[in-house]
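# Structure assessment
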Amino acid sequence: QVQLVESGGGLVQAGGSLRLSCTASGSVFSINTMGWYRQAPGKQRELVAAVPNDGNTTYADSVKGRFTISRDNAKNTVYLQMNSLKPEDPAVYYCNAHRTILATGHYDYWGQGTQVTVSS
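Presented here is an overview of the structure given in this document. Everything numeric here is computed off the predicted structure, so don't read it as measured data.

Now for the nonpolar core. Counting residues in each nonpolar core, the largest one holds 29 residues, and the members touching the most others are Leu4, Met34, Trp36, Leu80, Met82 and Tyr93. Elements represented by at least two residues in this core include exactly β1 (2-7), β3 (18-26), β4 (31-39), β5 (46-52), β7 (67-72), β8 (77-82), β9 (91-101) and β11 (114-119).

So, on to unusual backbone geometry. Located in the positive-phi region is Asn76, a residue other than glycine, with phi close to 55 degrees. Structurally, Asn76 can be placed in the loop between β7 and β8.

One open sheet holds the 4 strands; their spatial order is β1-β3-β8-β7, and the pairing between them is antiparallel. Only two strands of the sheet have a single partner each, and these edge strands are β1 and β7. Pairwise comparison of adjacent strand axes, ignoring direction, gives a mean angle of 15 degrees for this sheet. As judged from the 6 bridges shared by β1 and β3, these two strands associate in the antiparallel manner. In the sheet register, Glu6 faces β3, and the bridge partner there is Cys22.

Another point: the pattern of salt bridges. Considering all chains together, one arrives at 4 salt bridges under this definition. The shortest N-O distance in the salt bridge between Glu46 and Arg38 comes to 2.7 Å. Glu46 sits in the partly exposed class, given a relative accessible area of 37%. Under the relative-accessibility criterion, Arg38 is labelled buried at 7%. One salt bridge in this structure joins Arg66 and Asp89, with 2.7 Å as the shortest N-O distance. With Arg66 in the loop between β6 (58-59) and β7 and Asp89 in the loop between β8 and β9, the pair connects residues that are 23 residues apart, well separated along the chain.

Reading guide: rules and limits
Residues numbered from 1 in each chain as written. Predicted model: local features only at pLDDT ≥ 70, side-chain atom pairs only at ≥ 80, totals over all residues. Heavy atoms only, no water. Core = buried A, V, L, I, M, F, W, Y, C linked by side-chain atoms within 4.5 Å. Buried < 20%, exposed > 50% of the residue type's maximum accessible area, 1.4 Å probe, protein only. Helix = DSSP H or I, 4+ residues; strand = E, 2+ residues; numbered from the N terminus. Pairing = 2+ DSSP bridges. Axes fitted to C-alpha atoms, helices over the stretch in contact; angles between N-to-C directions. Salt bridge = Lys/Arg side-chain N within 4 Å of Asp/Glu carboxyl O.

Below is the structure:
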C-alpha cells in the first residue's frame, strides 16, 4: 500500500503562483510514476503532469510552459509548481502514484485532493 499526503492548495489571483506538494509513504520502492491530476466540477478527472522514474515528464497541453512537475526521490515527494494561473485552472488537484508489481499487476493510489481556486 501507498499513502499520499498533499499540501499547498489555496486561493490565488489570476497570474499568481502556487506550489503543491505530495509525499508518499508505505511501499514506495515500487512506485513507477508520480503525477498530478485535477477535477473541476462537472468534469472528468484529467492528467495535469506526471514524472516517471526515468524523469521524462508529461504535461497536459493546457499547462505546458506554466506548470512544472518535479520529484525528490530521497523525500518520496512530488511537487507541482503552478505559475501564471488562469481562471480555467481551478479544480481539486489529486496526487497520484502508479505502482507496478510484476507478480500481480498495476496499482494506482490517490491523495485526498487539494483545492486550487483562482480569482480574477
